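Each chain is listed here by its residues.
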Amino acid sequence: RRDVLTHGDAQSFNILVEASPSEDPRVCICDWKNSMAGPPGRDPGIFQSWPIACACAHAARGRNAEAIAIIETSEEFWLVYSDFLQKGGKDEDYLVSCFRSAMGWNGFQIFLGYYMCGIFIDQLPLQEATQENY
C-alpha cells in the first residue's frame, strides 16, 4: 500500500528538538530526501527498530531492567501515536493494519540493517554479551 507520505529515513538523528523553559519544546523532522508515498506504519516501524534492537541487546546481556524500560517507552510511543491517529479519524482496523505494517518494517530493518549488513553493530551494547547469557 502507498497511502501516506513517508519520511523514508525515520530515525532519531533526523529529529531536532529545541527545548524552551517557557513553552513546549519545538520539534523539527529534517532530511526529507528519501520521502515517498508509502505504507502506513513504515516510518514508526523503522523509527522503533533501533530502540528495540537495543532492548534485545540489553536482554541478551541480562540487563532486564534496561530492556523493559526501553520496551515500556516503545509502548508509550504507540499509545501516543495511535491516539493521534484516532483523533485524526482513523478506525480500529486502520490502527491494527498500521501496527502490523510497522512491526514488519521494524523486523526488516533489524534483520537486514543490523544483522545482515552489520550496520550500527559496534554501537549496540553487546560488548559483555556472551554465550552463557543465551
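Rules behind the numbers
- Residues numbered from 1 in each chain as written.
- Predicted model: local features only at pLDDT ≥ 70, side-chain atom pairs only at ≥ 80, totals over all residues.
- Heavy atoms only, no water.
- Phe/Tyr/Trp six-rings, centres within 6.5 Å; stacked < 30°, edge-to-face > 60°.
- Helix = DSSP H or I, 4+ residues; strand = E, 2+ residues; numbered from the N terminus.
- Buried < 20%, exposed > 50% of the residue type's maximum accessible area, 1.4 Å probe, protein only.
- Lys NZ or Arg CZ within 6 Å of the ring centre and 35° of its normal.
- Patch = residues over 30% accessible without salt bridge, like charges linked within 9 Å, V, L, I, M, F, W, Y side chains within 5 Å.
- Areas by Shrake-Rupley, 256 points an atom, 1.4 Å probe, with all protein chains shown as cover.
- Salt bridge = Lys/Arg side-chain N within 4 Å of Asp/Glu carboxyl O.
- 1 Å grid on protein atoms, 1.4 Å probe; cavity = no way out; pocket = protein on both sides within 12 Å on 5 of 7 lines; lining within 4 Å.
- Points joined across faces, edges and corners; volume = space filled by probe spheres on them.
- Nonpolar A, V, L, I, M, F, W, Y, C, P; charged D, E, K, R; others polar.
- Disulfide = S-S within 2.5 Å.

> Any details on the packing of aromatic side chains? Residues and values, ideally.
Enumeration over the complete set of coordinates arrives at 6 aromatic pairs. Look at Phe77 and Trp78: their rings are 5.6 Å apart centre to centre, the planes differ by 85 degrees, and that puts the pair in the edge-to-face class. Judged by centre distance (5.9 Å) and plane angle (5 degrees), the ring pair of Phe77 and Tyr81 falls under stacked. In this pair, Phe77 and Tyr81 are both assigned in helix α2 (residues 64-87), 4 residues apart and thus about one turn of the helix distant. Judged by its relative accessible area of 24%, Phe77 falls in the partly exposed class. Here Arg42 stacks its cationic end above the ring of Trp105, 4.6 Å away from the centre of that ring.

> Quick one: what's the story with a nonpolar patch on the surface, residue by residue and with numbers?
A cluster of nonpolar side chains, contributed by Leu5, Val17, Val27, Ile29 and Trp32, occupies part of the molecular surface with about 520 Å² of accessible area. One can find Leu5 in strand β1 (residues 4-6). Note on Leu5: relative accessible area 61%, which makes it exposed.

> With reference to specific residues and values, describe the layout of surface pockets.
The volume enclosed by the largest pocket comes to roughly 680 Å³. Around the largest pocket, the lining comprises 27 residues; the ones closest to its centre are Ile29, Asp43, Pro44, Phe77 and Tyr81. Secondary structure elements with two or more residues in the lining of the largest pocket: β1, β3 (26-29), α1 (42-60), α2 and α3 (92-116). Ranked by residue count, the leading element in the lining of the largest pocket is α2, at 5 residues. When its residues are assigned to classes, the lining of the largest pocket shows 18 nonpolar, 5 polar and 4 charged.

> Hey, could you go over the state of the cysteines for me, with residue numbers and the actual values?
Taken as a whole and assessed by the stated rule, the structure comprises 0 disulfides. There is no disulfide at Cys54, and the cysteine sulfur nearest it, in Cys56, is 9.3 Å away. Assessed through its relative accessible area of 11%, Cys54 is described here as buried.

> Now, about the pattern of salt bridges: what can you tell me, with residues and values included?
Applying the stated rule across the entire model yields 4 salt bridges. Residue Lys33 pairs with Asp31 through a salt bridge whose shortest N-O separation is 2.9 Å. Residue classification places Lys33 among the exposed residues on the basis of a relative accessible area of 63%. Taking the shortest distance from any N to any O, the salt bridge between Lys87 and Asp83 comes out at 3.3 Å.

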